[in-house]
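Next come the chains, spelled out residue by residue.
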There are 2 protein chains.
Amino acid sequence: MQLRMTNQREMILRELKKSKKHLSADELYERVKKFMPRISLATVYRNLEILSDASMIRKLEISGRQKRFDSELEDHDHIYCVQCHRIENLDIGDKEVNLTEVDTRGYAITGRRLEVTGVCPKCQKKNSKKNAKK
Amino acid sequence: MQLRMTNQREMILRELKKSKKHLSADELYERVKKFMPRISLATVYRNLEILSDASMIRKLEISGRQKRFDSELEDHDHIYCVQCHRIENLDIGDKEVNLTEVDTRGYAITGRRLEVTGVCPKCQKKNSKKNAKK
DNA sequence: TCTCCTTGCGATAATGATTTCCAATAGTAA
DNA sequence: TTACTATTGGAAATCATTATCGCAAGGAGA
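First things first, this report covers the structure right here in the doc.

Definitions and cut-offs
Residues numbered from 1 in each chain as written. Chains lettered and ligands numbered in written order. Predicted model: local features only at pLDDT ≥ 70, side-chain atom pairs only at ≥ 80, totals over all residues. Heavy atoms only, no water. Salt bridge = Lys/Arg side-chain N within 4 Å of Asp/Glu carboxyl O. Helix = DSSP H or I, 4+ residues; strand = E, 2+ residues; numbered from the N terminus. Pairing = 2+ DSSP bridges. Contact = heavy atoms within 4.5 Å. Buried area = accessible area lost by both parts, 1.4 Å probe. Buried < 20%, exposed > 50% of the residue type's maximum accessible area, 1.4 Å probe, protein only.

Examining the pattern of salt bridges
All names here are of chain B.
Then, number 1: According to the stated counting rule, one finds 13 salt bridges over all chains in the structure shown.
Then, number 2: Put simply, Lys-18 and Glu-15 hold a salt bridge, and the shortest N to O gap is 2.9 Å. Residue Lys-18 and its partner Glu-15 are both found in helix α1 (residues 7-19); the two are separated by three residues, about one turn of the helix.
Then, number 3: We note a salt bridge from Glu-27 to Arg-68, for which the minimum N-O separation is 3.3 Å.

Here you go:
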């Protein structure tokens, strides 16, 4: 099957790259709709799937209900707020675990990442306000 | 609120511990149903939520659509088959990244895990058969 | 024991995210 | 132009999960 770079597809890719964040399909839909008011949410889903199959973007299978997509193709690590579900990149420098020393149970490794969970500064602030009220 | 250890709750906990795998709610439902044919899927969901709130089990927020649950409470690492969605534990020994040396962006850290993705031995075998046919 | 109150149950409806279906449209190649 | 195929928008369907509801069960206290 031959891929066509349609306007919709191009716009989706462009907006994802522009944001530099880990957007969900409907967040991206809201952004793209500003330029293409008639685009369908199904088109966004469809193209995110196609683009990640074609390795032009990356699908993050982390964190709860919604999938998130990333225009950064390199493996990198994430920190994830358990409260507001924000995901941010984590720079751990050269401290990564050397997998060659680990028993990987016969798997053919395709990727790796460190997922750290926690409460982000914003939610911490929110929580301390709440607790003060009580 | 006072927790009662009902038969259903006990059975769910027992089956999860017995399996030593990372089961989804409906997989667990199928197992428990063998002993309690009248149990409701809602009860399984409800109790998995309650048990993980009570820190008696752990909810894994990884891998695709379904949540998975684990009776192992300690933080540990996983390897995940991108093809059949199997999850297994990964023992990386003492080679873990020391987070105190990492900029965690002001997050209050609650957990961490290394996620390695790959193709499991079974799927590799399946794939080589397929390719041979072609 | 009887009564009140709370917790938990099973069945089912509702929800939210994602996927599929389908008829219409738009690129592409001869 | 014509024929073919990929892609679209919109709506319906699906899948996992959660909420609701009426009822049963398990104390606690009179």
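From this point, things continue past the structure.
Some points on the sheet that holds strand β3 (residues 68-70) of chain B
Strand pairing in a sheet is mediated by backbone hydrogen bonds. Such pairs are either parallel or antiparallel.
Residues and elements named next belong to chain B.
Then, number 1: With respect to topology, three strands assemble into an open sheet ordered β1-β3-β2, the strand pairing being antiparallel. With partners counted over all chains shown, the strands left at the sheet margins are β1 (23-24) and β2 (58-60), one partner each.
Then, number 2: Alignment of β2 against β3, held across three bridges, turns out to be antiparallel. Each bridged residue has a counterpart across the sheet, and for Arg-58 the counterpart in β3 is Asp-70.

A closer look at the interface of chain B and chain A
Then, number 1: At the junction of the two partners, chain B supplies 40 residues and chain A supplies 40 residues.
Then, number 2: At the boundary of chain B with chain A, total buried surface from both sides reaches about 3400 Å², with 58% on carbon and sulfur atoms.
Then, number 3: Linking chain B with chain A are two salt bridges.
Then, number 4: Here Glu-88 of chain B and Arg-105 of chain A are joined by a salt bridge, their closest N and O atoms 2.9 Å apart.
Then, number 5: Contributing elements (two or more residues each) for the side of chain B that touches chain A: β4 (77-81), β5 (87-90), β6 (108-119) and α4 (121-133) of chain B.
Then, number 6: Here the side of chain B that touches chain A gets twelve residues from one element, more than from any other, and that element is β6 of chain B.

Considerations on the pairing of β4 of chain B
Residue and element names in this part refer to chain B.
Then, number 1: Buried residues dominate β4, accounting for five of its five residues.
Then, number 2: Every second residue of β4 is oriented toward a common face, with Asp-77, Ile-79 and Cys-81 on one face and His-78 and Tyr-80 on the other, all of them buried.
Then, number 3: Two strands pair when backbone bridges link them, and β4 and β5 are joined in this way by four bridges, in the antiparallel orientation. Looking at the pairing, Asp-77 lines up with Leu-90 of β5.
Then, number 4: Hairpin connection from β4 to β5: five residues lie between these consecutive antiparallel strands, with His-85 at a positive phi of about 65°.
Then, number 5: Inspection of the sheet shows β4 paired to β6 by four bridges, in the parallel sense. Directly across from Ile-79, in β6, lies its bridge partner Val-116.

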